[in-house]
Amino acid sequence: MSHIQIWSAIDALADRHDMSVSALARSAGLDATAFNRSKRFSHDGRPRWPSTESLFKVLAATDENFDSFANLMNPRLEIKSVQGLDLGTEVPLLGFAEAGDGGYFDDAGFPTGHGWDAINVPGLDDEQAYALEVSGDSMLPLYRDGDRLIVSPTAQVRRNDRVVVRTVHGEVLAKVLARQTNAYVELHSLNADHPNRKIPRSEVEWMARIVWASQ
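Anyway, here's the lowdown on the structure attached to this text. Keep in mind that what you see is a predicted model, and the values were worked out from it rather than measured.

Let us look at the overall build of the protein. What the protein contains, in helices and strands, is 4 helices and 10 strands. The order of helices and strands in the protein, counted from the N terminus, is α-α-α-α-β-β-β-β-β-β-β-β-β-β. Burial status across the protein gives 47% buried among its 215 residues. Here the analysis covers contacts within the protein between residues at least 6 apart in sequence; of these, 58% occur between residues at least 24 apart. Carbon together with sulfur atoms contributes 46% to the accessible area of the protein, which is approximately 11,400 Å² in total.

This next bit is on helix H3 (residues 52–62). For H3, the set of buried residues is Ser54, Leu55, Val58, Leu59 and Thr62. For H3, the angular spread of the buried residues around the axis is 135°, confining them to a single face. Facing away from the buried side of H3 by over 90 degrees, the exposed positions are Thr52, Glu53 and Ala60. Residues of H3 that are buried make contact with helix H1 (3–16), helix H2 (21–27) and helix H4 (66–70). Just beyond H3, the residue with positive phi is Asp63, at close to 60°.

So, on to the packing of aromatic side chains. All told, the structure shown has 8 aromatic pairs when counted by the stated rule. Note on Phe66 and Phe69: the rings are 5.9 Å apart at their centroids and 40° apart in plane angle, and the pair reads as tilted. Within this pair, Phe66 and its partner Phe69 are both found in helix H4, separated by 3 residues, close to a single helical turn. Overall, Phe69 belongs to the buried group, its relative accessible area being 2%. Cluster of aromatic residues (ring-pair linked, three or more members): Tyr104, Phe105, Trp116, Tyr130 and Trp206.

Another point: the pattern of salt bridges. Taken as a whole and assessed by the stated rule, the structure comprises 6 salt bridges. Glu133 serves as the salt-bridge partner of Arg148, at 2.8 Å between the closest nitrogen and oxygen. You can see Arg148 sitting in strand S5 (residues 148–152) and its partner Glu133 sitting in strand S4 (residues 130–133), a full 15 residues away along the chain.

This part takes up the nonpolar core. Within the largest apolar cluster, 22 residues are counted, with the highest numbers of intra-cluster contacts made by Phe105, Leu132 and Leu149. Put simply, the parts of the chain that give this core at least two residues each are S4, S5, strand S7 (172–180) and strand S10 (204–214). With 4 residues, the top contributor of residues to this core is S10. If we ignore the near neighbours within four places in the chain, the residues touching Leu132 are Leu93, Leu94, Phe96, Ala99, Phe105, Asp147, Arg148, Leu149, Val151 and Val164. The next biggest cluster of nonpolar side chains, apart from the first, holds 19 residues, and it includes Trp7, Ala12, Leu13 and Phe35.

Calculation notes
Residues numbered from 1 in each chain as written. Predicted model: local features only at pLDDT ≥ 70, side-chain atom pairs only at ≥ 80, totals over all residues. Heavy atoms only, no water. Helix = DSSP H or I, 4+ residues; strand = E, 2+ residues; numbered from the N terminus. Buried < 20%, exposed > 50% of the residue type's maximum accessible area, 1.4 Å probe, protein only. Contact = heavy atoms within 4.5 Å. Areas by Shrake-Rupley, 256 points an atom, 1.4 Å probe, with all protein chains shown as cover. Arc of directions from axis to C-beta. Phe/Tyr/Trp six-rings, centres within 6.5 Å; stacked < 30°, edge-to-face > 60°. Salt bridge = Lys/Arg side-chain N within 4 Å of Asp/Glu carboxyl O. Core = buried A, V, L, I, M, F, W, Y, C linked by side-chain atoms within 4.5 Å.

In structure tokens, the structure reads:
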């Protein structure tokens, strides 16, 4: 059982019982943030594991047993190698067009729930990263249809970084961060045929940096 498998099973357990991970934690008498994505790694990047006590409290609260919990673990979500050849870290994959739908991200922009596929990304050292697959030509000439953007919700975002932004209305944008203040976020388009955007900060649900793209 790997770190990412354990946490993916907790996400799947919450989804099975139509709860967020915060509601799942509360149902077991735990702090509401106990299972948040931000709690799964320490500040220096080391993985944090849920305690045995918290797992069994959750199982009792949902009337599940450990066998059913183990069956929720996705065996593909792990670092793979064949005869010493590093095949990379397997990360969740979602179509860009689907990213605006509900149920795929938590409030901080971390992947959650079901419906994700997975791909291997060689050389990636970020277990919290995920991939979005481009569809259409709105991101030309930088990104083409079928390209996969590797997004890190924990990477620091700076001016001129390429970012993915999700608004509170469910709109998902891939743009260049031109400026951000306490009042608004200014985004420049990758494609000159599409307008730049200036979005009130109150309407930005989350913003994450694009760290790599497969082309």
